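Tertiary structure, described
The lines below spell out each chain.
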Amino acid sequence: MSQVRIDQLIPEGKLLASGHLACPGCAAPLAMKLALNALGPNTVAVIPASCFTIISGPWPQSSLQVPVFHTAFATGPAVASGVRAALDMQGKHDTNVIVWVGDGGTFDIGLQSLSGAAERNENIMYFCYDNEAYMNTGIQRSSATPWGAWTTTTPAQFPEASPKKDMLAIMAAHGIPYAATATPAYPADFIEKVMKMKQARGTRFMHLLSPCPPGWKCGDDEGLELARLAVQSRVFPMLEVEYGQRWRLTMDHAGDPVEPYLRRQGRFRHLNAEQVTHIQSEIDARWAQLQRRLDAETLAAV
Amino acid sequence: MKKVMVGNHAVAWGVRLARVEVISAYPITPQTQVVEKLSEMCADGTLPARFIKVESEHSAMAAVIGASATGVRTFTASSSHGLLYMHEMLHWAGGARLPIVMVDVNRAVGAPWNIWTDQNDSLSQRDTGWVQLYCEHNQEVVDTTVMAFKLAEALDVPVMLMLDGFYLSHTAEPVDIPDQEMVDRFLPKREAPYRLDTEHPHAFGGLVKPDAYMEMRWLQQEALNHVPETLAAIEKDWQRMFGRSYGAIEAYRAQDAELLLVTSGTVTSTARAVVDARRAQGEKIGVLKVKMFRPFPSALLRDALRGVPRVAVLDRNVSPGHGGIFAEELRSALYDLPDAERPELFGFVLGLGGRDITPAVIDDVIAQTRAGQVPSREDLWVGVNP
């Protein structure tokens, strides 16, 4: 567990203004606030269709104090590639270009554009805030929706039948300089990773677990706690991968049983004991696979 | 400086002369040589620009949208299915009022597969907020490419210019390359009034509610309404500096004509030859080339066609279930004329999927127009063997 104090890590400044339009308990604006404060005002944000299109505020307002280009669903990394090229042509090589987008825009419709940008190793930072469904349109499943979850398109009688895509592994396989998982429930870890992203060059990818109380059917005050349970139960391991090679755990994972994590969310309420056991066995299998990926030396350092 | 070059290379030369700073494109037949030539120019430094080699046309348009929003001059090129794949982002460029210039090498759309020319790819993009300019020859291509940037940046509207696949894209003609210093005077560096700038942060393209969305659309319409006069002024400057100009529409031997052939693209050149032959035999016949399709130059066309007895529209395109698209728009433009001055309009659908429009085909069109007592409600398909 990181011992760095958050107030030492975050520069002064308020780049996400109050008055944004997120639902109560949404983790995404917290993540944006932490990320922007770590990156500083010399940042351009590209926001494809997502909850954040709304959260950042309607015209003529904007809760973000950095320039923002809102764009169509599938195009975040491509637009960011263009912004990067144009800034470079203007000599503004030190301006950060970030893409901020949900799981639908990343795992599904935006995957081609993201893969293209990663293959070209565009000098951009990509943040996927993952709330595990199409929340902005009213909780429809995405390919980030976990097996067994209820959504409005995977009703409780026929819940989500596919396992969640391993987005970090997909991005790591592109060999990009930096890919990581994080959650605003562990802000110090998150900010440290943003700082590393800021210092690196090339395509940098972050997969953020971002709880959504309306979609997860939990209390407004429970989201961050659930995100911590997800990490502790190894549902969402905290990882870094450099150049697709060096995999590293950045936080301890207790391996707590997954059941309490599931039982506190209405989207898993219909699961029977057998299904919970199945989810646990999947987590254990993926953990074993991850162990094989982790470098023994860096494991020892955690 | 005169060079012999294919239309695709004429495009690349126009882009180079315009000092474009960011290019993004994806290859597609018959546009491919545009991408290849521009890659070469970027690689050897004759065009100091960033070329983003994307994974799809959708991303190509998205990338130039991002770059254009940051204030630089941008370009892309596509054709047929590639253009259709960009469709969503064409709307985005138009709505965001970004002065992007693109070339579409006209090519038919599948199914079935067909790589040869017709205009259904670009005409199916007519409602995306882009100016559309159809070129007749390679000199016009290089000149129009440069002028397109001036037009786009004057009004903050994207501009698409078209050249016929293979007929122009792969046919070599002598082209007079304008002098770079003179082009620099004609087209100075872009000054974007609004751009992504960390010194002056603004949000672009965010949610606009019903109380203001319509005003933004209206402003877009207003900008497009100013295209004809703005293009005329730009052409005047071009004429003064380079001794050539074209126009939104161009009449050829149209004075006293009893029959006018309305054309666009390369078929115009064939029609000119037919008209020359007919005029030599004393027939009062001419050509009206329509270069600009969006905005549709309705007022100019009404003036040009007022009182002409018969007009034959040659459409290398079709709106299935309706008819030729130029004819359709022209009928709408002429509706305002009093009955006595309104020409009888005959629409012809021909040359689809690269089928040749030869002088004999145009002779057939003329014969049918002369023979027709009443204009057909349906456009006639020429050369179809059912």
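These figures come from a predicted structure and were not determined experimentally.

1. Describing the interface of chain B and chain A
Each partner contributes residues to the interface: chain B has 41 residues there, and chain A has 37 residues. Taken together, the two surfaces of chain B and chain A that pack against each other cover about 2900 Å², and 67% of this comes from carbon and sulfur. For chain B, the biggest contributors to the area lost against chain A are R50, T198 and L207 of chain B; these three give 20% of the whole. One can count two salt bridges joining chain B with chain A.

2. A closer look at the pattern of salt bridges
By the definition in use, this model includes 45 salt bridges over all chains. Put simply, E136, E140, E250, R272, K289 and K291 of chain B are held in one network by salt bridges that share partners.

3. Here's the deal with the packing of aromatic side chains
In total, this model carries twelve aromatic pairs over all chains according to the counting rule given. Ring centres of F293 of chain B and F296 of chain B lie 5.5 Å apart, and the angle between their planes is 70°; on these two criteria the pair is classed as edge-to-face. Pairwise contacts between aromatic rings join F52, W100, F127 and Y129 of chain A into one cluster. Taking the ring centre of W216 of chain A as reference, the NZ or CZ of R267 of chain A above it sits at 4.2 Å. Positioned above the aromatic ring of F51 of chain B, the side-chain terminus of K53 of chain B is 5.4 Å from the ring centre.

4. Some thoughts on the confidence of the model for chain B
Looking at chain B as a whole, the pLDDT averages 97, with 100% of positions reaching at least 70. For this predicted complex, the interface confidence score (ipTM) comes to 0.96, while the overall pTM stands at 0.96.

5. Quick word on the sheet that holds strand β4 (residues 74-78) of chain B
All names here are of chain B. Reading across the sheet, the seven strands line up as β3-β2-β4-β5-β7-β6-β13 and stay open at both edges, with mixed pairing between neighbours. The sheet terminates laterally at β3 (50-53) and β13 (292-294), the two strands that pair on one side only. The average angle at which neighbouring strand axes cross in this sheet is 20°, direction not considered. In terms of strand pairing, strand β6 (residues 131-134) meets strand β7 (residues 159-164) through four bridges, oriented parallel.

6. Looking at the nonpolar core
Counting 85 residues, the largest nonpolar core has F205 and W247 of chain A together with M61 and L330 of chain B as its most contacted members. At eight residues, the largest contribution of residues to this core is made by helix α3 (residues 57-69) of chain B. Counting residues in each nonpolar core, the second largest holds 60 residues, with L36, I55, F127 and A149 of chain A among its members.

7. Examining the sheet that holds strand β3 (residues 96-102) of chain A
Pairing is mixed across the open sheet formed by nine strands, whose spatial order is β8(A)-β7(A)-β5(A)-β6(A)-β4(A)-β3(A)-β1(A)-β2(A)-β9(B). Each edge of the open sheet carries a strand with a single partner, namely β8 (246-249) of chain A together with β9 (203-204) of chain B. Note that strand β4 (residues 125-130) of chain A and strand β6 (residues 204-209) of chain A share six bridges and pair parallel. Note on β6 of chain A: the bridge partner recorded for M125 of chain A is R204 of chain A.

8. Some points on the side chain of R316 of chain B
Residue and element names in this part refer to chain B. Its place among the elements puts R316 in the loop between β14 (310-315) and α12 (325-334). It is D164 that comes nearest to the buried, bridge-free R316 among opposite-charge side chains, at 4.1 Å. Among the polar contacts listed, one links the side chain of R316 to the backbone oxygen of R355, at a separation of 2.9 Å.

The rules we used
- Residues numbered from 1 in each chain as written.
- Chains lettered and ligands numbered in written order.
- Predicted model: local features only at pLDDT ≥ 70, side-chain atom pairs only at ≥ 80, totals over all residues.
- Heavy atoms only, no water.
- Contact = heavy atoms within 4.5 Å.
- Buried area = accessible area lost by both parts, 1.4 Å probe.
- Salt bridge = Lys/Arg side-chain N within 4 Å of Asp/Glu carboxyl O.
- Phe/Tyr/Trp six-rings, centres within 6.5 Å; stacked < 30°, edge-to-face > 60°.
- Lys NZ or Arg CZ within 6 Å of the ring centre and 35° of its normal.
- pLDDT = per-residue confidence, 0-100.
- Pairing = 2+ DSSP bridges.
- Helix = DSSP H or I, 4+ residues; strand = E, 2+ residues; numbered from the N terminus.
- Axes fitted to C-alpha atoms, helices over the stretch in contact; angles between N-to-C directions.
- Core = buried A, V, L, I, M, F, W, Y, C linked by side-chain atoms within 4.5 Å.
- Buried < 20%, exposed > 50% of the residue type's maximum accessible area, 1.4 Å probe, protein only.
- Lys, Arg positive; Asp, Glu negative; His and termini not counted.
- Polar contact = N/O pair within 3.5 Å; in protein donor to acceptor, adjacent residues only side chain to side chain.

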